[in-house]
Amino acid sequence: MQIFLSEALSLHKNLGRSIKILPSSLFPHLSTARQCCCHHRRRQENQNAELEELSEPSKMGGVEKTAKEEKSFDVNDYKIIKEGEAEILMHAKNEVFYNKTQVNNRDMSIAVLRTFICKRKEEHEAFLSRKTRASTKLSVDNASDHDTLTEVTVLNGKSNGDSEEPGAAPKLSGDNASELEAPAESDMLNGKSSGESEEPEKMSRHEPCTISEEPVITQERKGQVELKPPRVLESLSASGLRALRYAREVEGIGQVVALDNDAVSVEACRRNIKFNGSVASAKVESHLADARVYMLTHPKEFDVVDLDPYGSPSVFLDSAVQSVVDGGMLMCTATDMAVLCGGNGEVCYSKYGSYPLRGKSCHEMALRILLACIESHANRYKRYIVPLLSVQMDFYVRVFVRIYTSASAMKNTPLKLSYVYQCTGCDSFHLQPLGRTVSKNNSVRYLPGFGPVVPQHCSDCGKKYNVGGPMWSAPIHDQEWVATMLNEVKSMKDRYPAYDRISAVLTTISEELPDVPLFLSLHNLCATLKCTSPSAVIFRSAVINAGYRISGAHVNPLGMKTDAPMDVIWDIMRCWVKNHPVKAQSPDQAGSVILAKEPVLQANFARAVASLSKAQAKKVARFLPNPERHWGPKLRAGRQITSKHVSLLGAQALNGTNDEEGDEPQAKRKKTEDPTSTP
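## Considerations on the packing of aromatic side chains
Here the structure, examined in full by the defined rule, presents five aromatic pairs. A centroid spacing of 6.3 Å and a plane angle of 40° characterise the contact between Tyr 294 and Phe 302, whose relative ring orientation is tilted. Look at Tyr 294 and you get buried, because its relative accessible area is 14%. Between Tyr 421 and Tyr 465 the ring centres are 6.2 Å apart and the planes differ by 85°, which places this aromatic pair in the edge-to-face class. One end of the pair, Tyr 421, is in strand β12 (residues 417-423); the other, Tyr 465, is in strand β16 (residues 465-472), and 44 residues separate them in sequence. Over the aromatic face of Phe 450 sits the side chain of Arg 436, whose NZ or CZ is 3.7 Å from the ring centroid.

## Topic: the sheet that holds strand β18 (residues 550-553)
Spatially, the three strands line up as an open sheet ordered β17-β19-β18, and their pairing is antiparallel. Edge strands, defined here as strands with exactly one partner in the open sheet, are β17 (520-521) and β18. With four bridges joining them, β18 and strand β19 (residues 556-562) adopt antiparallel strand pairing. Residue pairing for β19: Ala 553 is matched across the bridge by Asn 556.

## A closer look at the pairing of strand β13 (residues 429-433)
In the sheet, β12 pairs with β13 via five bridges, with the strands oriented antiparallel. What sits directly across from Tyr 419, in β13, is Gln 432. Hairpin remark: β12 followed by β13, antiparallel, with five residues in the connecting loop; positive phi at Asp 427, about 65°.

## Overview of the sheet that holds strand β9 (residues 324-334)
Two pairing modes exist for strands in a sheet, parallel and antiparallel, and in both the strands are linked by backbone hydrogen bonds. Read from one edge to the other, the open sheet built from seven strands follows the order β7-β6-β5-β8-β9-β11-β10, with strand pairing classed as mixed. What marks the edges here is a single partner per strand, and that holds for β7 (284-288) and β10 (383-393). Taken pair by pair, the neighbouring strands of this sheet meet at an average axis angle of 15°, ignoring direction. As paired elements, β9 and strand β11 (residues 396-405) share seven bridges and run antiparallel to each other.

## Remarks on the packing of helix α18 (residues 522-529) against helix α20 (residues 566-579)
Where α18 contacts α20, the two axes come as close as 11 Å, and the packing angle between them is 60°. On the basis of the axis angle, α18 is oblique to α20. The element α18 and its partner α20 pack so that their crossing is right-handed. Contacts between α18 and α20 involve Leu 525, Cys 526, Thr 528 and Leu 529 from the first element and Ile 569, Trp 570, Met 573 and Val 577 from the second. Taken together, the residues that form the contact of α18 with α20 break down as seven nonpolar, one polar and no charged.

## Structural notes on the nonpolar core
In this structure, Leu 330, Leu 340, Ile 374 and Phe 539 are the most contacted members of the largest nonpolar core, which totals 77 residues. In this structure Phe 539 touches Leu 522, Leu 525, Ile 550, Met 560, Ile 569, Ile 572 and Met 573, once residues within four positions along its chain are discounted. In terms of nonpolar packing, the next biggest core, distinct from the first, is built from 47 residues, Ala 243, Leu 244, Met 485 and Ile 502 among them.

## Things to note about the pattern of salt bridges
Oppositely charged side chains may form a pair once their charged atoms are brought near each other. Under the definition given, this model contains 25 salt bridges. Across the pair Glu 480 and Lys 119 runs a salt bridge, and its minimum N-O distance is 3.2 Å. Note that Glu 480 is positioned in helix α16 (residues 479-491) and Lys 119 in helix α4 (residues 103-160), a separation of 361 residues in sequence. Given the relative accessible area of 12%, Lys 119 is considered buried. For the salt bridge of Arg 120 with Asp 303, the shortest nitrogen-to-oxygen distance reads 3.6 Å. Of this pair, Arg 120 sits in helix α4 while Asp 303 is found in strand β8 (residues 302-307), placing the two residues 183 residues apart along the sequence. Of the two residues examined, Arg 120 and Asp 303, each falls in the buried class.

## Digging into unusual backbone geometry
Residue Pro 452 is reached from Gly 451 by a cis peptide bond, and omega for that bond is -5°. Put simply, Gly 469 and Pro 470 share a cis peptide bond, and its omega is 0°. Structurally, Pro 470 can be placed in strand β16. Unlike most non-glycine residues, Lys 300 shows phi in positive territory, near 50°. The backbone of Lys 619 sits at a positive phi, close to 60°, despite the residue not being glycine. Turning to its location among the elements, Lys 619 is positioned in the loop between α22 (614-617) and α23 (646-649). By relative accessible area, which is 76% here, Lys 619 ends up exposed.

What counts, and at which threshold
- Residues numbered from 1 in each chain as written.
- Predicted model: local features only at pLDDT ≥ 70, side-chain atom pairs only at ≥ 80, totals over all residues.
- Heavy atoms only, no water.
- Phe/Tyr/Trp six-rings, centres within 6.5 Å; stacked < 30°, edge-to-face > 60°.
- Buried < 20%, exposed > 50% of the residue type's maximum accessible area, 1.4 Å probe, protein only.
- Helix = DSSP H or I, 4+ residues; strand = E, 2+ residues; numbered from the N terminus.
- Lys NZ or Arg CZ within 6 Å of the ring centre and 35° of its normal.
- Pairing = 2+ DSSP bridges.
- Axes fitted to C-alpha atoms, helices over the stretch in contact; angles between N-to-C directions.
- Parallel < 35°, antiparallel > 145°, perpendicular 65-115°, else oblique.
- Left-handed = near helix turned anticlockwise from the far one by under 90°.
- Contact = heavy atoms within 4.5 Å.
- Nonpolar A, V, L, I, M, F, W, Y, C, P; charged D, E, K, R; others polar.
- Core = buried A, V, L, I, M, F, W, Y, C linked by side-chain atoms within 4.5 Å.
- Salt bridge = Lys/Arg side-chain N within 4 Å of Asp/Glu carboxyl O.

See below:
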């Protein structure tokens, strides 16, 4: 073979270009030699390039670049941004999206992720303990069954005498018979039986679990003994800051996969991974891929999936619920608040399958619409969600849910959804459950909900209703998780850049009534009646003295959640107006119709002990102002910043500087600073 190859190469050298016109089929070994030489040459070139990169590095803040790459890398075009324990290099031309405001989002996600890892470990330990108890009980039962079997065998041997053949299995009935026949069936399946060959085919057709699934179960049990670190998917990574913070700040985390379908963003993410050292390089990997396709091709592979898109997440939800493992967690953000809060109801219905209603509680309704949409996508694959935490902060909503698989539990979904009837005159709202259950003889039937829950016109003011939904009407928080998160955040407050904000939000959520959807606004009630507003303490005391519960709402400092019906609320306000009269109004207005009725309930405005929450009693800050100007959404990556964006981003973003003095537009500055202006 080697001799033939050397001769062929010699022939190729002598003939020169003439051999190129000959078909390769005449010289198969020569073609192979050419391929080997080309492969060896390419491999040698790659090795030389790697050696050059390692031998002549150009370091800039920890990033190694070759001389060829440094031509396109200008230090002046980048600035170092530090958040938590991660640092990234950001280009000044808005090539990759970054928003400083999202530090609250990232800190909250890290807190939830830490709690998830702890809870996941506790659940695994509980599973192992149950498994140990079950195996112990099974071994005891098997031992007792073996003693019974031995006793029966001895009795049969004494009674039958020598009538049975030596070594023959005793004939038993009931459970013992099936236990004794099982080894014989397994011997037949393994080819140890000398009978007909039809019996193994019959067993493999009717009892496939005995043959094929037993090794799988064994492997699963072996894998479940050792809990692996959770894998995290950040499906829309941009600069990779979130993935880097997960890898560097969350203890016990496993692999973090960062995806983006923009080549510039992936390049920036990989540059930032190297910039953050060996820990980030070992845990974080970046891929150029469409998040929807990637999640569909990796079903049930990630313990945590993070969705934080620019706008609506609706197009990613179907693939995201399939990519999460059973019992895993989905973290989802929606920033299209104009759509979710009722500005464009038809667009919201096309994206989320629900119609929103405008009102003071529209932000909480946005949370519940997003949860209902995720549940709808999960139900298509016999899965369902369990909300852990649902927050509205800044200009977006974010939900954290666990996803489980169960066809029977999925039937409870209609019980968690409701339509909303909202009065156009007095903003009273009523919920219409989508389904109900009927129990009979230890069986549960799922039936459609009764309706309507309201008449054609409002019973309080006589106006008509708007209908919205369906939305999630079950609890949107797990109070145990919230309490655990709050304690963990307080114990590690130095590691959260936005500690003040997230601790305030978690404190308010921990005091919410979990089973009361939506909320009332005291100012809205007074605006309807055109009366002076009572203090929050007085109104809370009246509700508590009437025998009902009341709490605040984290989405609105003036919001009040209560399980008191609307007729009780209006009776309290009628009693308040009697002590604080109002001017005469037009009789057709909603407030006039409400005040024309006499109150059935006589309100007691004496201050109740529970009128203030624990946080309010301790004067804990719960609603903080924005830390700086222009704290809000930013432009999409790649868009050029022009003068029309000054009101949104500030003058320093337009000028490309960080001077705080440039926040004020130049037009206003000239108007106020020009002393020679004439009237």
